[in-house]
Amino acid sequence: MLMTKKSTDKSRVYSSDKYVCKYISEEWLTSEDTSARKYGKIYGVNYHIIEKIKQRNGYNMPLSTLSTICFNRGIKLSDFFKLVEKKYGKFLNDGYEYK
């Protein structure tokens, strides 16, 4: 018997995922005139990824996707994480919450 997840089940939202996406959304996806499709082309990812990043709680982004975005932005991953920590350091932890 196949078990499926109920729509009422809550999912884990990791602090690191949330703030990585929040940083990208607030700092790099700021133009109201630029569509998710255009941002996708700019950053080398599918527009669905851009839509997921803009969600309130972000999403569990694969490191390869983050690496692609950073590469197309012209920033090293290590520098990106420093920026995220500088902006959201007091909120970052290894924990998660259910949403």
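Preceding this section is the structure that the text describes.
Definitions and limits used
- One numbering rule holds for all chains: residues counted from 1, following each sequence as written.
- pLDDT decides what is reported in this predicted model: residues at 70 or higher carry local features, side-chain atom pairs at 80 or more are listed and counted, and totals for whole chains, interfaces and linings draw on all residues regardless.
- Computation of side-chain values: all heavy atoms of the structure, hydrogens and water removed.
- When a carboxyl oxygen of Asp or Glu lies within 4 Å of a side-chain nitrogen of Lys or Arg, that pair is called a salt bridge.
- Going along the chain from the N terminus, every DSSP run of H or I of four or more residues is numbered as a helix, and every run of E of two or more is numbered as a strand.
- Here, two residues are considered to be in contact whenever any of their heavy atoms come within 4.5 Å of each other.
- Here the aromatic set is Phe, Tyr and Trp, taking the six-membered ring for Trp, and pairing holds for ring centres within 6.5 Å; pairs whose planes are under 30 degrees apart are stacked, those over 60 apart are edge-to-face, and all others are tilted.
- Any residue under 20% of the maximum accessible area for its type is buried, any over 50% is exposed, and the rest in between are partly exposed; the area is computed with a 1.4 Å probe on protein chains only.

A.B. asks: What should I look at first to understand the pattern of salt bridges in this one?
C.D. replies: Opposite charge on two side chains permits them to pair, given that their charged atoms come into close proximity. For the coordinates displayed, the defined rule picks out 5 salt bridges. For the salt bridge of Glu 26 with Lys 87, the shortest nitrogen-to-oxygen distance reads 3.2 Å. Remark: Lys 87 occurs in helix 5 (residues 77–88) and Glu 26 occurs in helix 1 (residues 15–28); sequence separation between them is 61 residues. Salt bridges here are not isolated pairs; linked through shared partners, they connect Lys 22, Glu 26, Glu 27 and Lys 87.

A.B. asks: Any chance you could explain the side chain of Thr 65 here in plain terms?
C.D. replies: Mapped onto the elements, Thr 65 comes out in helix 4 (residues 63–73). Each residue touching Thr 65, except ones within four places of it in the same chain, is listed here: Val 45, Ile 49 and Tyr 59.

A.B. asks: Explanation requested: the packing of aromatic side chains in the structure shown.
C.D. replies: What characterises a pair of aromatic rings is the spacing of the ring centres plus the angle enclosed by the ring planes. Tallied over the full model, the rule gives 10 aromatic pairs. Look at Tyr 19 and Phe 91: their rings are 5.7 Å apart centre to centre, the planes differ by 15 degrees, and that puts the pair in the stacked class. Taken together, the residues Tyr 19 in helix 1 and Phe 91 in the loop between helix 5 and strand 2 (96–98) connect sequence positions 72 residues apart. The buried category is assigned to Tyr 19, whose relative accessible area is 12%. Overall, Phe 91 belongs to the partly exposed group, its relative accessible area being 41%. Ring geometry for Phe 80 and Phe 81: centres 5.6 Å apart, planes at 65 degrees, overall edge-to-face. Among the residues examined, Phe 80 registers a relative accessible area of 0% and is labelled buried.

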